[in-house]
Each structure stands twice: as C-alpha cells, then as structure tokens.
Amino acid sequence: MNPMLALRQYQKVGSHAQTSEASPHRLVQMLMEGGLSRIAQAKGAIERKDVPAKCTAISKAIGIVSGLREGLDLENSAEALADLDGLYIYMMKRLAEANISSDPRILDEVAGLLTTVKEGWDAIAPAPGAQP
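Just so it is clear, the structure is predicted and the values come from calculations on it, not from any experiment.

Draft legend 1. Structural view of unusual backbone geometry. The residue Lys49 is not glycine, and still its phi comes out positive at about 60 degrees. The topology assignment puts Lys49 in the loop between helix H2 (24-48) and helix H3 (51-70). Although it is not a glycine, Ser102 adopts a positive phi angle of roughly 55 degrees. Looking at the element boundaries, Ser102 is found in the loop between helix H4 (74-101) and helix H5 (104-123).

Draft legend 2. How the structure looks around the pattern of salt bridges. In the structure shown here, the tally under the stated rule is 9 salt bridges. Asp103 serves as the salt-bridge partner of Arg105, at 3.1 Å between the closest nitrogen and oxygen. Here Asp122 and Lys118 are joined by a salt bridge, their closest N and O atoms 2.7 Å apart. One end of the pair is Asp122 and the other is Lys118, both in helix H5 and 4 residues apart, which spans about a single turn.

Draft legend 3. Representation of the nonpolar core within the structure. By size, the foremost hydrophobic cluster in this structure holds 22 residues, and its most contacted members are Ile39, Tyr88, Met91, Leu95 and Leu107. Only H2, H3, H4 and H5 provide two or more residues apiece to this core.

Draft legend 4. H5, seen in detail. Taking 1.5 Å per residue, 20 residues should reach 28 Å; H5 reaches 28 Å between its end C-alpha atoms and fits that length. For H5, the secondary structure elements touched by its buried residues are H2, H3 and H4. For H5, the N-terminal cap is Asp103; the gap from its side-chain oxygen to the backbone nitrogen of Arg105 is 2.9 Å.

Draft legend 5. Up close: the packing of H4 against H5. Between H4 and H5, the least distance of the axes is 9 Å, while the angle of their chain directions is 155 degrees. Our classification of the angle between H4 and H5 gives roughly antiparallel. The handedness of the crossing between H4 and H5 comes out as left-handed. Across the interface between the two elements, Leu84, Leu87, Tyr88, Tyr90, Met91, Arg94, Leu95, Glu97, Ala98 and Ser101 of H4 pack against Ile106, Leu107, Glu109, Val110, Leu113, Leu114 and Val117 of H5. Looking at side-chain class alone, the contact of H4 with H5 contains 13 nonpolar, 1 polar and 3 charged residues.

Draft legend 6. Fine view of the packing of H3 against H4. As a packed pair, H3 and H4 sit with axes 9 Å apart at the nearest point and diverge in direction by 170 degrees. On the basis of the axis angle, H3 is roughly antiparallel to H4. Together, Lys54, Cys55, Ile58, Ala61, Ile62, Val65, Ser66, Leu68 and Arg69 of H3 and Asp85, Tyr88, Ile89, Met91, Met92, Leu95, Ala96, Ala98 and Asn99 of H4 make up the contact between the two elements. The residue makeup of the contact of H3 with H4, split by class, is 13 nonpolar, 2 polar and 3 charged.

Draft legend 7. Summary view of the environment of Ala45. Note on placement: Ala45 falls in helix H2. A sequence separation of 10 residues divides Ala45 from Cys55, and the C-alpha atoms of the two residues are 8.8 Å apart. Excluding its chain neighbours within four sequence positions, the residues that come into contact with Ala45 are Asp50, Ala53 and Lys54.

Conventions and cut-offs
Residues numbered from 1 in each chain as written. Predicted model: local features only at pLDDT ≥ 70, side-chain atom pairs only at ≥ 80, totals over all residues. Heavy atoms only, no water. Helix = DSSP H or I, 4+ residues; strand = E, 2+ residues; numbered from the N terminus. Salt bridge = Lys/Arg side-chain N within 4 Å of Asp/Glu carboxyl O. Core = buried A, V, L, I, M, F, W, Y, C linked by side-chain atoms within 4.5 Å. Buried < 20%, exposed > 50% of the residue type's maximum accessible area, 1.4 Å probe, protein only. Expected span 1.5 Å × (residues − 1). Contact = heavy atoms within 4.5 Å. Polar contact = N/O pair within 3.5 Å; in protein donor to acceptor, adjacent residues only side chain to side chain. Axes fitted to C-alpha atoms, helices over the stretch in contact; angles between N-to-C directions. Parallel < 35°, antiparallel > 145°, perpendicular 65-115°, else oblique. Left-handed = near helix turned anticlockwise from the far one by under 90°. Nonpolar A, V, L, I, M, F, W, Y, C, P; charged D, E, K, R; others polar.

Set out below in structure tokens:
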C-alpha cells in the first residue's frame, strides 16, 4: 500500500471523527484553521511556482471563507453581522486577486484578516460542557 495514500485515508477518518463530535463553535474554528492552512499552502505553491497547487489551495480557501459567510445568520442578525459579511466578501475577492496575480502579499493580508477573526471567535469559546 502507498504510505501517502494510507496517511490521507487516516487523516480523512480522523477529520470525520472530529467533525462528527464537534460543537458548532468548534466547527467554525476548524473551518478557519482550514482556511489559514490552505492560504499557507497557496503561498508555498507560489514560492515553488506550482500553479496547479496554488490554484487548488486558493480555490479551497475561497470555498472555506464562502462557507463561513454562508453560516452567518443574516436573517436574524443582519445589522450586527454586516461588517463581518463584508469582510468575508472582501477576503474572497482578495483571494481571487492573489490567484490571478500570484502575489503572496495578498495572501498574507487575507491570512492576517482571517487570523484576527479567528482570535475573536476563539475568545468567545463556550464554557466546557455548555450546550450549543
């Protein structure tokens, strides 16, 4: 058996187990972590001049940010979440620009923004044992 294939399968099972047991709060954290990871992968791909890997990683990062945006409860909290919604839209646009221009500085900018949002999200973590 291919060791890399086995590792990917193990990671997939581990990820599935984590998500099936995670609270909604933890799922959002995991999405943000995944977005930051994809941005880092894209940056590495740019440095290696690996265009297909860059495109794949940025596409996945855009999908994650889009998922975070879709998770906003704009129907009930539109006013309170308008700025965050706009920030997610801005991040997706900048990621698309980074994909076109292969500019790692844009990726750094988006990673910084997403890190700031994640730090805020981490700070409001529910107490252990609290119901979501």
